[in-house]
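Here is what each chain is made of, one letter per residue.
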Amino acid sequence: MFLLYLKDLLQLVLSPLHGWEDVSFDGYSSRKLLLYGFIPLMAVTAGSVFLESLYHADTTFVLLLQQAIVTFLKFFASYYLACFSFSLLMPLCTDGNVSSNKNHTFIIYSLSLLALIDLLGNCIPMELSLIYLMPLYALYIMWRGLRYLAISFSGVGNFLLLCVFTVLLPPYLIQLLFGLLIKYQ
């Protein structure tokens, strides 16, 4: 299941419109995607924090462990926050029925893109400005999911605001908050 999940994720990165068509065609249960795809990806991303010890000799194990825990928790908490927000606000964006399985699947793949960006940033020994621009590409990929979620023409603006404030921003805000707590303890 994990390899099929990664295949769909790669398809989303390479061709977002066709990627969402593949996700729709595959029709995986969001629960299976969460358990066998997203949670292992979060664990790998959190584990990749320890690569920093190879590049920076002044980092301590305790600090890296705290960063790894924050990395895992920021995606975990963001998933549930986004699911709650989507369940409340998606009726404003669609004309028809709202599918909770599709909403959860959309959130899982969207947050997975952000986890891949973190994974890539953790594997590179230097700070790249391009890494900070990649969430904009993730937003573009989410925008290409309009047809997948059956977003109405009048609901596109609400949908994009929903994506920004409930999927994109929470992981970064959670990391900023915990980063400040870790820094000043």
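Above: the structure in question.
This text gives an overview of the structure that appears in the document. Owing to the predicted nature of the structure, the values given are computational and were not obtained by experimental measurement.

## Thoughts on unusual backbone geometry
Here is step 1 of the chain: Phi at alanine 150 is positive, roughly 55 degrees, even though this residue is not glycine.
Here is step 2 of the chain: Assignment of secondary structure puts alanine 150 in the loop between α7 (129-143) and α8 (156-183).
Here is step 3 of the chain: Of the residues examined, alanine 150 reaches a relative accessible area of 49% and is grouped as partly exposed.

## Focus: the pattern of salt bridges
Opposite charge on two side chains allows them to pair when their charged atoms are near.
Here is step 1 of the chain: Enumeration over the complete set of coordinates arrives at four salt bridges.
Here is step 2 of the chain: Salt-bridge contacts for glutamate 21 lead to arginine 147; the nearest nitrogen and oxygen are separated by 3.9 Å. In this pair, glutamate 21 sits in helix α2 (residues 16-26) while arginine 147 sits in the loop between α7 and α8, placing the two residues 126 residues apart along the sequence.
Here is step 3 of the chain: For glutamate 21, a relative accessible area of 36% corresponds to the partly exposed category.
Here is step 4 of the chain: For arginine 147, a relative accessible area of 59% corresponds to the exposed category.
Here is step 5 of the chain: A salt bridge links lysine 74 to aspartate 118; the shortest N-O distance between them is 2.5 Å. With a gap of 44 residues between them, lysine 74 in helix α5 (residues 61-89) and aspartate 118 in helix α6 (residues 100-123) connect regions that are remote in the sequence.

Conventions adopted
Residues numbered from 1 in each chain as written. Predicted model: local features only at pLDDT ≥ 70, side-chain atom pairs only at ≥ 80, totals over all residues. Heavy atoms only, no water. Helix = DSSP H or I, 4+ residues; strand = E, 2+ residues; numbered from the N terminus. Buried < 20%, exposed > 50% of the residue type's maximum accessible area, 1.4 Å probe, protein only. Salt bridge = Lys/Arg side-chain N within 4 Å of Asp/Glu carboxyl O.

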